[in-house]
Amino acid sequence: MSEQKIALTIAGLDPSGGAGIIADIKTFSAFGCFATSAVTSITFQNTQGVYGAVHQTAEDVRKQIEPILHDYRVSAVKTGMLPTDEVISEVADIVKGGRLRNLVVDPVVRSTSGFDLIDDDALRSLIDSLFPLADLITPNIPEAERISGLKIENEEGVYQAAKIMRDLGARNVLIKGGHSFEKEKGATAAEPRYARDFLFIEDSSTIITADFIETTATHGTGCTLAAAITANLALENDIASSVRIAKEFVTEAIRNAPHIGKGHSPIGIK
Ligand code: PLP
């Protein structure tokens, strides 16, 4: 029997189950990894919006992670919502301790509904202290804009933003959601046919394409993609193949969305 791989998510709790650690745990399990988690913030939300959050202290977060690391060999780790400067510094310290490998940083900034999941100081600290430690960062277009300070309106903008993020210390960058600027080409332009993500590994870049599915059932897609990449890194796949497998997984999950709730339905993670 092959060794059971263990993955860890350090992220926010979405009690309605669509995003955050619940999506991550389901995704780790779907790939046969044993899921562990540390909660950074308890959010109050459903498919229609985020109504508030109680953030955990740095100490609370450390106290969740330490016993896991004392007991298990964790093969890959993902960070999602890291709400404050102090939580980010704590997580960076733990990573520097050397017991965590294969770090995927999903720079969660704001919910689809417009709720800020992290404050400005925290974003600065995420860039300064966690980007250099990450094996991959996975911003979507709005996150890439906030981090790089650029307005991304076309493919050229994606490449410029990636360069800025590399200059800020990120080794490998996945910028998600190329369909968002295709949509803006003009009122007469057809809906995008492909969902394109841009992967920058060291000095090379690749575009990862999947069918674009027109739907409102997208809650948790970012968390699920990053978690699927993390699971595949835990399974010892390389970054490029982990991203490809994860993209297919999310596309399938969007196709299988349960269409529950009155807002953006969660996706169907199986
Ligand atoms: N809530 C939590 C705890 C999250 O981690 C995230 C995103 O990563 C969200 C909400 C936002 O998800 P969405 O934009 O899909 O609504």
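Here we summarise the structure given alongside this text. (Residues numbered from 1 in each chain as written. Predicted model: local features only at pLDDT ≥ 70, side-chain atom pairs only at ≥ 80, totals over all residues. Heavy atoms only, no water.)

1. Comments concerning unusual backbone geometry
Located in the positive-phi region is Glu202, a residue other than glycine, with phi close to 45°. Here Glu236, not a glycine, exhibits a phi torsion of approximately 75°, which is positive.

2. Brief notes about the pattern of salt bridges
We count it as follows: Any Lys or Arg side-chain nitrogen located within 4 Å of an Asp or Glu carboxyl oxygen qualifies as a salt bridge.
Tallied over the full model, the rule gives 21 salt bridges. Across the pair Lys5 and Glu3 runs a salt bridge whose closest N-O atoms are separated by 3.2 Å. Linked by salt bridges that have partners in common, Glu3, Lys5, Arg73 and Glu236 make up one network.

3. Thoughts on the side chain of Thr40
Put simply, the test is: Starting at the N terminus, helices and strands are each numbered in turn, a helix being any DSSP run of H or I of at least four residues and a strand any DSSP run of E of at least two. Each residue's exposure class comes from its accessible area (1.4 Å probe, protein chains only) as a fraction of the maximum for that residue type: buried when under 20%, exposed when over 50%, partly exposed otherwise. Residues adjacent in sequence count toward polar contacts only when both atoms are side-chain atoms; beyond that, a polar contact is any pair of N or O atoms within 3.5 Å, and within protein one must be able to donate a hydrogen and the other to accept it. Note on definitions: a residue-residue contact is assigned when non-hydrogen atoms from the two residues lie within 4.5 Å.
With respect to the helices and strands, Thr40 occurs in strand E2 (residues 34-46). Relative accessible area serves as the criterion here: at 0%, Thr40 is assigned to the buried category. In this structure the side chain of Thr40 is engaged in a polar contact, spanning 3.4 Å, whose partner is the backbone nitrogen of Gly12. Contacts of Thr40, omitting those with residues within four sequence positions, involve Ile10, Ala11, Gly12, His55, Gln56, Val61, Met81, Leu82, Pro83 and Val87.

4. Some words on the nonpolar core
The test is simple: Put simply, buried Ala, Val, Leu, Ile, Met, Phe, Trp, Tyr and Cys residues joined by side-chain atoms within 4.5 Å make one nonpolar core.
Residues Ile10, Leu126, Leu130 and Ile175 are the most contacted members of the largest nonpolar core, which totals 44 residues. At six residues, the largest contribution of residues to this core is made by helix H3 (residues 85-96). Apart from the residues within four sequence positions on either side, Ile175 is in contact with Pro139, Ile141, Ala144, Val158, Ala161, Ala162, Met165, Asp197, Phe198 and Phe200. Counting 30 residues, the second largest nonpolar core, distinct from the first, contains Phe31, Ile208, Leu233 and Val243.

5. Some remarks on helix H1 (residues 20-30)
Quick reminder of the rule: Starting at the helix axis, one direction is taken to each C-beta atom, and the arc is that of these directions.
Every buried residue of H1 is accounted for by Gly20, Ile21, Ala23, Asp24, Thr27 and Phe28. Each buried residue of H1 lies within a common arc of 155° when the element is viewed along its axis, so the set occupies one face. In this structure, the buried residues of H1 make contact with strand E1 (6-13), E2, strand E4 (76-79), helix H8 (221-234) and helix H9 (239-255). Downstream of H1 by a residue or two, Gly32 has a phi angle that is positive, lying close to 80°.

6. Considerations on helix H4 (residues 120-130)
Regarding H4, the residues found buried are Ala122, Leu123, Ser125, Leu126, Ile127, Ser129 and Leu130. The inward-facing, buried residues of H4 contact E4, H3, strand E5 (103-105) and helix H5 (141-148). For H4, the side-chain oxygen to backbone nitrogen distance between the N-cap and Asp121 is 3.4 Å, and the N-cap itself is Asp119.

7. What to know about a nonpolar patch on the surface
To keep it simple, the criterion reads: Each patch is assembled from residues with relative accessible area greater than 30% and no salt bridge, linking like charges that lie within 9 Å and nonpolar side chains (Val, Leu, Ile, Met, Phe, Trp, Tyr) that lie within 5 Å. Under the convention used here, a 1.4 Å probe and the Shrake-Rupley method define accessible areas, while residue burial counts only the protein chains that appear.
Among the surface-exposed residues, Ile42, Phe44, Tyr51 and Val54 lie close enough to one another that they form a single nonpolar patch of about 370 Å² accessible area. Contributing elements (two or more residues each) for the nonpolar patch: E2 and strand E3 (49-55). Among the secondary structure elements, Ile42 is positioned in strand E2.

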